[in-house]
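# Residue-level structural notes
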Amino acid sequence: MSRISFGYSVSEGKVINLDQQKPAWLEKIFELEPSLHRCISCGNCAAVCTAGHFTGMKFYRICLNAFRGQTSDLKNDAKACMLCGKCQFACPRGVNIRHAIMLMTQIQKP
Amino acid sequence: MHPFTIPFMAGFTMMFIVLIIRYSNWFRGFSTENRKRIAGRMFTRRSIHALNEIFRESLLHLKIYKTNPILGYMHMSLAFGWFLLIVGGKLETWYYTGNFANPPQYAIFFRFFHPVTEATGIHRIIDFYMEFSLLVVLSGLTIAMVKRIRKQVAGMKNTTRHTLTNRLALTFLWFIFPLRLLAESATTSIHGGGSFLTGITSGLPFHPAVELPLWWAYSISLGVFFVCLPFSRYLHIPTEMITILLKKWGVEPELKLKTNKGLQAFEIHSCSGCGICLDACPAIGVGDKKFQSVYFINEMRNGKDHSKTAELCLSCGSCQQACPVGIQLEPLRISARENLNSEMRFNHTYLPSKMILWRETTDVILFTGCMGRMNPRTTQSMKKLFDEAGIGYVHADEDENICCGRPMVLTGASEQAELMMSRNRDIIHSYNAKVLVTTCPICYKQFKNSYKLNIPVVHHSMYINQLMEEGKLNRHHSNLNFSYHDPCELGRAFDCYEAPREVLKRAGHVVALSKEKEKSLCCGNNMGTILLERENRQQITDKTLMVLSENNPDYIVTSCPVCKNTLSQQSSIPVRDIAEVLTDLPEIKQKTGERLTAMRESHIN
Amino acid sequence: MQQPTVSIIGAGPAGLNAAISLAKMEIRVNLFEKQVKPGGQLSHWHTLFPDMYDAKTLLKSTINEISHPHIKLYTTVNIRQIKRQNNQWIISSDGNQEFISDAVIITSGFNLFDATKKEEYGYGIYPQVITSLELEQMFNGRREWPFSKDIEAPKAGFVHCVGSRDTKCGNNWCSKVCCVKAVKQAIEFKKQFPKAEVSCFYMDLRMFGKGYEELYMKAQVDFNIQFIRGRLSEASPSNGNKVHVKAEDTLMNRPLKQNLDMLVLMVGMTPAIWLNQHAERIDFEKPKFKQGFINPVENYQSTIYQNTPGVFAAGTCKGPASLIDVIQDAKATAFEVFAYLKKEKQNVEILEKTT
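From a predicted model like this one, the values you see are computed outputs, not experimental measurements. Residue positions within a chain follow its written sequence, with the count starting from 1. Chains carry letters from A onward and ligands carry numbers from 1 onward, assigned in written order. This being a predicted model, a pLDDT of at least 70 is required before a residue's local features are given, and a value of 80 or more before pairs of side-chain atoms are given or counted; all residues contribute to the totals for chains, interfaces and linings. Hydrogens and water molecules were not included; the side-chain quantities draw on all heavy atoms of the structure.

### Description of helix α6 (residues 323-354) of chain C
Residues and elements named next belong to chain C.
- When the terminal C-alpha atoms of α6 are compared, their 47 Å separation across 32 residues agrees well with the 46 Å that a helix rising 1.5 Å per residue should span.
- Restricting attention to buried positions, one finds in α6 the residues Val 326, Ile 327, Asp 329, Ala 330, Thr 333, Ala 334, Val 337, Tyr 340 and Leu 341.
- Close packing links the buried residues of α6 with β1 (5-9), α1 (13-24), β9 (103-106) and β22 (311-313). Runs of H or I in DSSP of at least four residues are treated as helices and runs of E of at least two as strands, each being numbered from the N terminus. By this rule the span expected of a helix is its residue count minus one, scaled by 1.5 Å. Only protein chains enter the area calculation, which uses a 1.4 Å probe; residues under 20% of their type maximum are buried, those over 50% are exposed, and those in between are partly exposed. In this analysis, two residues are considered to be in contact whenever any of their non-hydrogen atoms come within 4.5 Å of each other.

### As for the sheet that holds strand β16 (residues 242-249) of chain C
All names here are of chain C.
- By the convention used here, strands pair only if DSSP detects at least 2 bridges between them. Pairing within the open sheet is antiparallel, and its three strands lie in the order β15-β16-β17. Two strands lie at the open edges of the sheet, namely β15 (232-238) and β17 (254-260), each paired on one side alone. Shown here is a sheet whose adjacent strand axes are inclined to one another by a mean of 20°, direction ignored.
- Alignment of β16 against β17, held across seven bridges, turns out to be antiparallel. Residue pairing across strands places Ala 247 opposite Leu 256, the latter belonging to β17. Between N-to-C directions, angles cover 0 to 180 degrees, with each direction set by a line fitted to C-alpha atoms, over the stretch in contact for helices.

### Regarding the environment of B:His191
Residues and elements named next belong to chain B.
- Among the secondary structure elements, His 191 is positioned in helix α9 (residues 164-191).
- Along the backbone, His 191 and Met 145 are 46 residues apart, and their C-alpha atoms lie at a distance of 32 Å.
- N or O atoms within 3.5 Å of each other form a polar contact, as long as, within protein, one can give a hydrogen and the other can take it, and as long as residues adjacent in sequence are counted only when both atoms are side-chain atoms. Polar side-chain contacts of His 191 include one of 3.4 Å to the side chain of Glu 211.

### Here we look at the nonpolar core
- The term nonpolar core refers to a set of buried residues drawn from Ala, Val, Leu, Ile, Met, Phe, Trp, Tyr and Cys, joined through side-chain atoms within 4.5 Å. In this structure, A:Ile101 and B:Ile464 are the most contacted members of the largest nonpolar core, which totals 136 residues.
- Filtering out sequence-adjacent residues up to four positions away, A:Ile101 remains in contact with A:Met57, A:Phe59, A:Ile62, A:Ala78, A:Cys81, A:Leu83 and B:Phe346.
- Judged by nonpolar contacts, the second largest core, of 67 residues, contains C:Tyr202, C:Met207, C:Ala247 and C:Met266.

### Brief notes about the interface of chain B and chain C
- Opposite the 24 residues of chain B that make contact, chain C presents 25 residues.
- Here chain B packs against chain C, burying approximately 2400 Å² in sum over the two surfaces, 40% of which is carbon and sulfur.
- We define a salt bridge as a contact between a side-chain nitrogen of Lys or Arg and a carboxyl oxygen of Asp or Glu at a distance within 4 Å. Where chain B packs against chain C, one counts two salt bridges.
- Here C:Glu234 ties to B:Arg373 by a salt bridge, and the two come within 3.0 Å at their closest N and O atoms.
- Our count for the contact surface shared by chain B and chain C stands at 12 residue pairs in polar contact (both at pLDDT 80 or more).
- Those elements that provide at least two residues to the side of chain B that touches chain C are α20 (376-389), α27 (534-548) and α28 (561-570) of chain B.
- In terms of residue count, the dominant contributor to the side of chain B that touches chain C is α28(B) (five residues).
- Ten residues, namely Ala, Val, Leu, Ile, Met, Phe, Trp, Tyr, Cys and Pro, are considered nonpolar, four, namely Asp, Glu, Lys and Arg, are considered charged, and the remaining ones, Gly among them, are considered polar. By residue class, the composition of the side of chain B that touches chain C is three nonpolar, 11 polar and 10 charged. Accessible area, probed at 1.4 Å, shrinks when two parts are joined; the buried area is that loss added up over both.

### Looking at the interface of chain B and chain A
- Every contact between the two is made by 37 residues of chain B and, on the other side, 32 residues of chain A.
- Buried surface at the junction of chain B and chain A, both sides included, amounts to about 2700 Å², of which 60% is carbon and sulfur.
- Our count for the chain B to chain A interface comes out at two salt bridges.
- The interface formed by chain B and chain A holds 16 residue pairs in polar contact (both at pLDDT 80 or more) in total.
- For the side of chain B that touches chain A, the secondary-structure elements that each account for two or more residues are α19 (369-372), α21 (406-410), α27 and α28 of chain B.
- Here the side of chain B that touches chain A is built from residues that sort into 19 nonpolar, nine polar and nine charged.

### As for the confidence of the model for chain C
- pLDDT expresses how confident the predictor is about each individual residue, on a scale running from 0 to 100. Averaged over all residues, the pLDDT of chain C is 92; the fraction at 70 or higher stands at 98%.
- Here the complex is predicted with pTM 0.89, and the ipTM for its interfaces comes to 0.91.

### As for the side chain of B:Thr438
All names here are of chain B.
- Tracing the chain through its elements places Thr 438 in strand β5 (residues 435-438).
- Under the relative-accessibility criterion, Thr 438 is labelled buried at 0%.
- Here the side chain of Thr 438 touches Cys 440 through a polar contact of 3.1 Å, landing on its backbone nitrogen.
- Every residue in contact with Thr 438, bar those within four places of it in the chain, is listed here: Phe 367, Cys 443, Tyr 444, Phe 447, Val 457, Val 458, His 459 and His 460.

### Quick look at empty space enclosed by the protein
- In this analysis a 1.4 Å probe is tested at points of a 1 Å grid over the protein atoms alone, and where it fits but cannot get out there is a cavity; an open set with protein on both sides within 12 Å along at least five of seven lines is a pocket; lining residues have an atom within 4 Å of a point. Grid points are joined across faces, edges and corners, and a volume is the space filled by probe spheres set on the points. Under the criterion given, the structure shown has 15 cavities of 30 Å³ or more.
- Taken as a whole, the largest cavity holds about 250 Å³ of empty space.
- Taken together, 21 residues line the largest cavity, and the ones lying closest to its centre are A:Gln88, A:Phe89, B:Asn525, B:Arg534 and B:Arg537.
- Every element with two or more residues in the lining of the largest cavity is listed here: α6 (86-90) of chain A together with α27 and α28 of chain B.
- With four residues, the single largest contributor to the lining of the largest cavity is α27(B).
- In the lining of the largest cavity, the residues fall into three nonpolar, 13 polar and five charged.

### A few points about the packing of aromatic side chains
Residues and elements named next belong to chain B.
- Aromatic pairs are defined between Phe, Tyr and Trp rings, using the six-membered ring for Trp, whenever the two ring centres lie within 6.5 Å; interplanar angles under 30 degrees are classed as stacked, those over 60 as edge-to-face, and all others as tilted. Inspection of every chain in the model, using the stated rule, returns 58 aromatic pairs over all chains.
- Consider the ring centre and the ring normal. A charge sits over the ring if Lys NZ or Arg CZ is within 6 Å of that centre and within 35 degrees of that normal. A cation over an aromatic ring shows up here: Lys 90 above the ring of Phe 100, its NZ or CZ 5.3 Å from the ring centre.
- The ring centre of Phe 296 lies 4.6 Å from the NZ or CZ of Arg 333, which sits over that ring.

### Quick word on the UniProt feature "transmembrane region" (unreviewed entry) in chain B
Residue and element names in this part refer to chain B.
- UniProt positions are given in the numbering used here, feature names are shortened, and annotations may be inferred rather than shown by experiment. Taken from the UniProt record, the annotation "transmembrane region" (unreviewed entry) applies to residues 6-27, 70-89, 128-146, 167-183 and 215-235.
- For residues 6-27, the end-to-end C-alpha separation is 31 Å, with 100% helix and 0% strand making up the annotated structure.
- The annotated region residues 167-183 carries 100% helix and 0% strand content, and the separation between its end C-alpha atoms amounts to 24 Å.

### Concerning unusual backbone geometry
All names here are of chain C.
- Residue Pro 50 is reached from Phe 49 by a cis peptide bond, and omega for that bond is -5°.
- Note on placement: Pro 50 falls in the loop between β3 (47-48) and β4 (53-54).
- A positive phi angle, close to 60°, is found at Asn 96, a residue other than glycine.
- On the secondary structure map, Asn 96 appears in the loop between β7 (88-93) and β8 (98-101).
- Looking at Asn 96, the relative accessible area reads 61%, which means it is exposed.
- Located in the positive-phi region is Arg 165, a residue other than glycine, with phi close to 50°.
- You can see Arg 165 is positioned in the loop between β12 (155-162) and α4 (178-192).

### Considerations on the domain arrangement of chain B
- According to the domain assignment, chain B contains domain 1 (46-153 + 165-238), domain 2 (256-339) and domain 3 (358-588).
- Domain borders in the structure are assigned automatically or taken from a domain database. For domain 1 of chain B and domain 3 of chain B, the distance between their C-alpha centres works out to 53 Å.

### Quick word on the domain arrangement of chain C
Residues and elements named next belong to chain C.
- According to the domain assignment, chain C consists of domain 1 (5-109 + 272-353) and domain 2 (115-268).
- The C-alpha-based centres of domain 1 and domain 2 are spaced at 33 Å.
- Our enumeration of links across domain 1 and domain 2 arrives at zero salt bridges.
- Across the domain 1-domain 2 interface, the total number found is six residue pairs in polar contact (both at pLDDT 80 or more).
- Of the residues contributing to the side of domain 1 that touches domain 2, the split by class is nine nonpolar, eight polar and two charged.

Now the structure itself:
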């Protein structure tokens, strides 16, 4: 028996679907910069970030999105970075943020 | 001519042809500007200077000798000894035949063709000279052999490993001179003649039948070595000389790095693989991947993946400083990064442009940079010093700062730093000031080399020194001991070693360190590295602190916010910026009634 | 055989409690303390979490108990080294005094993280920035408040994880107690200044102990304390004797700023000593960067220090712990020591009988 639709459901686009396969290039980024896995979203990177103050780009958000396979804005957000390294200096977990950003700006989507 | 000379002649000719082909390929890669430079400067004094340098560095290897006398002697005896043999051989054949234009094999195998020489004055001198030169070469060879087995003998902690062609070339190089000695000894033992060296060795029981085979073996060794040369690291011998000439003619690196194009091709192939850069590198022994310059150049030369060796490096400049050939290693690495990261695209158009309505007039613009935000104490001290000296200042990046662009340049994306630079330039030009003072050597380097500002830029250690020389700032000599850490971007980059030390000497005593000034180690957090992990950086910091803690100083002092912040995390001795030292001195604290930081009522034991 | 003697190095809560328990079991104790008075870190505290128990009362009653005929207290003695001799340990101090004992308990405790290393927070630069320890001293009146007495509604901020969970300063561990301590201090501050505005800047709130979660809820409901999940970027001076803090509110996904009258840094725990083991002796050294707490032989036999018979460790020298855990650990260690001495005594007696 098929389910009856009442017309009330969460729109598919808003749900984080962890069943979805992560794109290969994303796995590649994690492979090239494994320290990304260390991020705990403490927000220190965003707190010190100049580019973030102007554009709203936040590295811990980029990281979270990458963890959850939400990749649509990744490249665009990373582009605002000035590579100044304050975030990397402040990060309590020692994530190699500059390299991660450099990889993200080079994403070639199929 | 005798058939045993054929292997040598064939090898030599082949080498000659290959070299011509390779070099002309590299030459073809020169830009028109570089070609003009070469054409215009070839017949000027620059060439004479170059010849002088070739003599000093390619033959005598004085730079290696200065860093490591045993290693220097080894290179010198091999290169200069061989050179003496070649020159001597030429003169010898000229003297005996009266004809200057003899074929080369005639000189090289001269003893075979002229075994008996008259035992009169000049002949004795020639013989002695030739055998002495051979002895010099053989002594260097002995060191080289021992060094291969036990590197410590040559005073080296680290040495390089070789590829197959290199080993082949090396083996036959080792054979050449002992075989020459044996062949000459055999000839002497059979026909007489010779000087002090063959005088001893000819005593060995040589059967007349071994003479010719020995000369054959000598010739084959030479032949094989020459065939291998253009494909081995010994290509550095001829290439190094050309590189020196090119540099003296002012040839500049081509914009896009290619390993078979232009100056970079010559530089890459000038590396002798001597391994001096290994001992100079502060990151030696750190991490799993060896990324020192000699490995980097090797990978580039052999067309291997060099992404790791290019991007792990801290760009501290120690290897470049130590390199006996003078290869511009830092620009090479940055060019390599440019190739590796060519897809990288940034967009900084969000940076607001500053509208200049009226320009505020002040003495000094203070720029503390990104890392200055992590070091508010330095900024505070600098402002106190300005006030004390009666200097008016504006803190340009007090509220928000735009990166100077240098970190981006270091990743190989120098063009993409332009917008940041232009915004910063606008901010700086929006004031009517006499000088720009920055507390960050990274910013200083970028401002100085790439900004084209309308006012001079100085680093704060230089500025403080200037204020002290002018008598605007005064400190009494205290009994405090300082050990000074030279930041890479200030020391090696600008040879700025004395200004900060002069400042410290006025306030106390500067202790000498085992590694300082151009040899100072990197703090471990240089922005130059892209890949190095924090744990590895911290290992480097530990090593640096070991040096800085020698003689147990009262303070470790530096003049870079990155160095200070990095060192202070791991140091048990307080780490201060040079500006902080001046405001933290007991005499100042007493005057202002502040409590001493070191004596701050504390729970830390 | 003589009555056995146990040396305890450090007269903080762990050392005191271990000494009391051993004395109760008729064992003689030499108790060494580097400072002038016993009490360790407890003597700086005003009240204790989670029940706001008065620290002075607890300390007083504990110290009263150590005036026991079996306990000998040596203050201002700094122990440098312990050396093994047959079945005994020789304890030597900086002043070249030597003490012989049958077992040793190391209760050297912890140091607080040096907040000047986190220069961006402005400790030692701006007077409004203080450590959690200094705040306790303000509570019990031993230190002046960093803001003017006229301010009726001071604004205070608490920064969690200063020198904890931070690979940059080499302290990768969680100091465990700072989360609840900040909550306790925030409540206490609100009690003194009911109109105050208090915010806590945290990475994660770890309310692991009994009554902690309840205290956290109390702070939210009864005292309106704001909890902001985010790290501070920097503190800078602002006009009117305040500090201006910038942070990222990670849950709101927005930057946040505030002018504060007082910024409290919840400094973490760092090891006070590092043990360097040689063949027959153990040296007490200052820990270097990234050297952690004393490692027990394994986590389930946590009182024995490595494979060294007769050397025990108790309290925070083994890693961050709350006061309650420390007291329990000290008492358990005392029992382990008792059992060890009894076994040793039997061995000696058997040895004496056979020879």
